[in-house]
Amino acid sequence: MFATYWLARLVLPELGALAAFVAVAEEESFAGGARRLGLSAPAVTRAIAALEQRLGVKLLTRTTRFVRATDAGLRYLENARRIIAELNERFGLNLGPEH
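Residues numbered from 1 in each chain as written. Predicted model: local features only at pLDDT ≥ 70, side-chain atom pairs only at ≥ 80, totals over all residues. Heavy atoms only, no water.

K.L.:
I would appreciate a short explanation of the packing of helix α2 (residues 12-27) against helix α5 (residues 71-91) in the present structure.
P.N.:
How two helices sit against one another is set out by the angle between their axes and by the gap between those axes. Across the interface, α2 lies against α5 with an axial gap of 9 Å and an inter-helix angle of 120°. In this view, α2 runs oblique relative to α5, as classed from their interaxial angle. Judged by the sense of rotation from one axis to the other, the crossing of α2 with α5 is left-handed. On α5, the residues touching Leu15, Leu18, Ala19, Phe21, Val22, Ala25 and Glu26 of α2 are Gly73, Tyr76, Leu77, Ala80, Arg81, Ile83, Ile84 and Leu87. Of the residues contributing to the contact of α2 with α5, the split by class is 12 nonpolar, one polar and two charged. (Axes fitted to C-alpha atoms, helices over the stretch in contact; angles between N-to-C directions. Helix = DSSP H or I, 4+ residues; strand = E, 2+ residues; numbered from the N terminus. Parallel < 35°, antiparallel > 145°, perpendicular 65-115°, else oblique. Left-handed = near helix turned anticlockwise from the far one by under 90°. Contact = heavy atoms within 4.5 Å. Nonpolar A, V, L, I, M, F, W, Y, C, P; charged D, E, K, R; others polar.)

Below, the structure written as structure tokens:
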């Protein structure tokens, strides 16, 4: 039980943030990414802001008109898509709708 608790505390929030980043980057919109995941836009915004802070890099460029992945964000997006696809396949997870 202890190991399961720490797995959930350490790994699952990161996977949720990863899925949120992929959805927002692909939709080029926080609202669109949130809709795709069935979450609120503020929750997705907070998850991505926390992810960027942990990584120490901006993954998205935000303006009032658009959201786009930065160069670092594009590299991260490629790896994030691969990780999510592999976890979904190997463990039967659904870390966000397939696009």
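K.L.:
Whenever I open this one, the pattern of salt bridges confuses me. Can you help?
P.N.:
Oppositely charged side chains are able to pair whenever their charged atoms sit close together. In total, this model carries eight salt bridges according to the counting rule given. Linking Arg81 and Glu26 is a salt bridge whose minimum nitrogen-to-oxygen distance equals 2.7 Å. Placement of Arg81 in helix α5 and of Glu26 in helix α2 is noted, with a sequence separation of 55 residues between them. We classify Arg81 as partly exposed; its relative accessible area is 41%. Glu26 sits in the partly exposed class, given a relative accessible area of 21%. For Lys58, the salt bridge goes to Glu52, with nearest N and O atoms at 3.7 Å. Several salt bridges share partner residues, and in doing so they unite Glu26, Glu27, Arg36 and Arg81 into one network. (Salt bridge = Lys/Arg side-chain N within 4 Å of Asp/Glu carboxyl O. Buried < 20%, exposed > 50% of the residue type's maximum accessible area, 1.4 Å probe, protein only.)

K.L.:
Quick question: what am I supposed to make of the environment of Asp71 here?
P.N.:
The topology assignment puts Asp71 in helix α5. Taking the C-alpha atoms as reference points, Asp71 and Lys58, 13 residues apart in sequence, are found 9.2 Å from one another.

K.L.:
Honestly, the environment of Glu26 in this entry has me stumped. Any pointers?
P.N.:
When the C-alpha atoms of Glu26 and Leu77 are compared, they prove to be 8.9 Å apart, with 51 residues separating the residues in sequence. One polar contact links Glu26 to Arg36, side chain to side chain, over a distance of 2.6 Å. (Polar contact = N/O pair within 3.5 Å; in protein donor to acceptor, adjacent residues only side chain to side chain.)

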